[in-house]
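These are the residues of each chain, in order.
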Amino acid sequence: MMTNLQRPLPQPTDITQPYWSAAAKGQLVYQHCPDCQHWQFYPRAFCVRCGSDAIQWGEASGEGVIYTFTINRRAANAFMKTRLPYAVAMVQTSEGVKTMANIVNADLDSLYIGMPVRVVFEQINDDLALPQFQPA
Amino acid sequence: MSQSLSRSIAIAGVAESDLGKVPGKSALELQAQAAHAALGEAGLSLKDVDAVFAHTDDRFSSLQVAEYLGITPRYVDSTNVGGMSNIVHIRHAMNAIASGMCSVALITYGSTQLSDGSRKSGAVAADSPSTARGQFILPYGHLSPIGYYAMVAQLHMHRYGTTPKDLAEVAVAARRWAQLNPKAYRREPTSIDEVMASPLMADPLRQRDCCLVTDGGGALVVVSAERARALRSKPVYVQGIAETYAHHYTPFNTDDWLDTGVAATAQAAFDMAGVTREDMDVVQIYDHFTIGVLQSLEELGFCKRGESGAFVADGALAPGGRFPINTSGGGLSYGHPGMFGIFLVIEAVRQLRGECGGRQIADAQLALCHAPGLVFSGNTTMILGV
Ligand SMILES: [Zn+2]
């Protein structure tokens, strides 16, 4: 088993920490703007649509569809080489957020644009889990 | 940009360095080689240069190039926005020349990425893990830039029924042009079948849907229109030019990945130039990936959205075709040292001067160059005229 040392992993900032802390507990949260109702990703200290600094965290449904995807036949790093071939997708969530993830627990040949998917968490260590998506 | 700057500057010299596999030279040496040749075309020397525009792997590119060439400029610009950068430099030089901040601008690029083996699998150096890219892209093993364009191709196929054969048409047309260009790196014959049989890299893109990885450099000399008329070379005027930007490496807020800001950029350039797309004799579109050409053709308005597959069919883009483009052989077959923008300009200028021999477009008066930067992160369109 290859160690995570060779895998690029996120280093949270104060502003992104709530997203990663929630993920470590198996929850998907995005920022929501109470002033313009925009669901925002990635996290910032303000609403990128209306400029409001009243932005709040809210739990996401965890549901979405594949907006587009690719199957990687070449790995981006040594760790991912152990997973070839693997799917990378842009997922459009029911909140309207676009986010990137691997599509896991799936037959890669069965993936299609518009496919319903739902979040699942890949535990990296005690403090870190990566939100991933699998067929719903 | 003010309409009055249309035709206010001209490109007076263009050159590429040794191109292909050049193991014995550094990126800086390649740029110097191209700079000397480009200045020579204009009858200018390094002593005449008072502005340097460059983007290399060095963070302070323009100073690196200026020091190496022994230039002490009064204006520099190291703007790096990906493959479109050198065209953006032309626009910035236009403003600098118009406002009297410089008079002879040298624009360069160079890379030895083939000899370095630095991007053999399309990987780029890891971003810091605390950036948006480091947190939300890199952990998923996403390849850049090919992964992004593979996703664009997937979307195009899903929405419009575009096929791998449509993509292969672009690669084969590029090779047929390269066969007419003695400077092109890959000139051996190829076929649609051969392209479609090349290994999948990131579905649906195959190896031969991707630009080459080569060494090479280029240089442009830009001066005021008035000064250009007194120089040795035939002036090629910048008639219209525009740049726009959308994102860095996380296009999460780009609603439609098949509508990437090209149309508005091109319209601004056409408006400045006072011409329309139908007036273009020469078209040079950045071909980092075959899908990029299809997408740009649609967004530039040369065909309707979703119809680029039919538009490029049956060798339409190749020599003798209905819509010949990328006459050098492009990034797909001429060469691609990491950033290709400068080479679009070099070929367009040569076409407008009538220097292209067996690949010359007859009576070329107007040329369009279009380039995106990074991962459909920005766009620039330039109209050149004689
Ligand atoms: Zn808001």
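Every residue gets a number counted from 1 within its own chain, in the order that chain's sequence is written. Chains carry letters from A onward and ligands carry numbers from 1 onward, assigned in written order. This being a predicted model, a pLDDT of at least 70 is required before a residue's local features are given, and a value of 80 or more before pairs of side-chain atoms are given or counted; all residues contribute to the totals for chains, interfaces and linings. Calculated side-chain values reflect all of the structure's heavy atoms, with hydrogen atoms and water omitted.

Asker: Hey, could you go over the coordination of the zinc ion for me, with residue numbers and the actual values?
Answerer: Residue and element names in this part refer to chain A. In this analysis a donor is any N, O or S atom within 2.8 Å of a metal ion (3.2 Å for sodium, potassium and calcium), and since water is not included, sites may seem incomplete. Those donors, Cys33 (SG), Cys36 (SG), Cys47 (SG) and Cys50 (SG), are the protein atoms that reach the zinc ion, and they lie 2.3 to 2.4 Å from it. Every angle between 85 and 135 degrees makes a four-donor site tetrahedral, while opposite donors more than 155 degrees apart, with all other angles between 65 and 115, make a four-donor site square planar and a six-donor site octahedral; other sites are irregular. Taken together, the 4 donor atoms coordinating the zinc ion and their angles of 104 to 114° define a geometry best described as tetrahedral. Motif for the zinc ion, donor spacing along one chain: C-x2-C-x10-C-x2-C. Here the residue cysteine 36 occupies a position in the loop between β1 (29–32) and β2 (39–40), and cysteine 50 occupies one in the loop between β2 and β3 (56–59), the gap between them amounting to 14 residues. Think of it in three bands: residues with accessible area under 20% of the maximum for their type are buried, residues over 50% are exposed, and the middle band is partly exposed, with areas taken using a 1.4 Å probe on protein chains only. Cysteine 50 gets classed as partly exposed once you look at its relative accessible area, which sits at 40%. Helix and strand assignments come from DSSP, with helices taken as H or I runs of at least 4 residues and strands as E runs of at least 2, each series counted from the N terminus.

Asker: Pulling in residues and values, what's your account of empty space enclosed by the protein?
Answerer: Residue and element names in this part refer to chain B. Using protein atoms alone on a 1 Å grid, points that fit a 1.4 Å probe yet trap it form a cavity, whereas open point sets bounded by protein on both sides within 12 Å along at least five of seven lines form a pocket; residues with an atom within 4 Å of a point count as lining. Grid points are joined across faces, edges and corners, and a volume is the space filled by probe spheres set on the points. Under the counting rule described, the total for this entry stands at 3 cavities of 30 Å³ or more. Looking at the largest cavity, its volume works out to about 70 Å³. Lining of the largest cavity is provided by Tyr149, Thr260, Val262, His288, Gly292, Gln295, Ser296, Glu299, Pro372, Phe376 and Asn379. The greatest single-element share of the lining of the largest cavity, amounting to 4 residues, is contributed by helix α11 (residues 290–300). The nonpolar class holds Ala, Val, Leu, Ile, Met, Phe, Trp, Tyr, Cys and Pro. Asp, Glu, Lys and Arg form the charged class, and all remaining residues, Gly among them, are polar. Counted by class, the lining of the largest cavity contains 4 nonpolar, 6 polar and 1 charged residues. What the second largest cavity holds in volume is close to 50 Å³. Looking at the second largest cavity, the residues that line it are Val170, Ala173, Ala174, Trp177, Asp287, Val293, Leu317, Ile325, Asn326 and Leu332. Here the element with the most residues in the lining of the second largest cavity is helix α7 (residues 164–178); it accounts for 4 residues. Of the residues contributing to the lining of the second largest cavity, the split by class is 8 nonpolar, 1 polar and 1 charged.

Asker: Let's hear about the pattern of salt bridges: which residues, and what values?
Answerer: For this document, the term salt bridge refers to a Lys or Arg side-chain nitrogen within 4 Å of an Asp or Glu carboxyl oxygen. Considering all chains together, one arrives at 18 salt bridges over all chains under this definition. The residue B:Glu188 makes a salt bridge to B:Arg175 at a minimum N-O spacing of 3.6 Å. Here B:Glu188 is found in the loop between α7 and α8 (192–196), whereas its partner B:Arg175 is found in helix α7, with 13 residues between them in sequence. Note on B:Glu188: relative accessible area 34%, which makes it partly exposed. Between B:Arg359 and B:Glu347 there is a salt bridge, and its shortest N-O distance comes to 2.8 Å. Taken together, the residues B:Arg359 in the loop between α14 (341–353) and β10 (366–373) and B:Glu347 in helix α14 connect sequence positions 12 residues apart. Both residues of the pair, B:Arg359 and B:Glu347, count as buried. Counted as one network, the salt bridges with shared partners bring together A:Arg7, A:Arg83 and A:Glu122.

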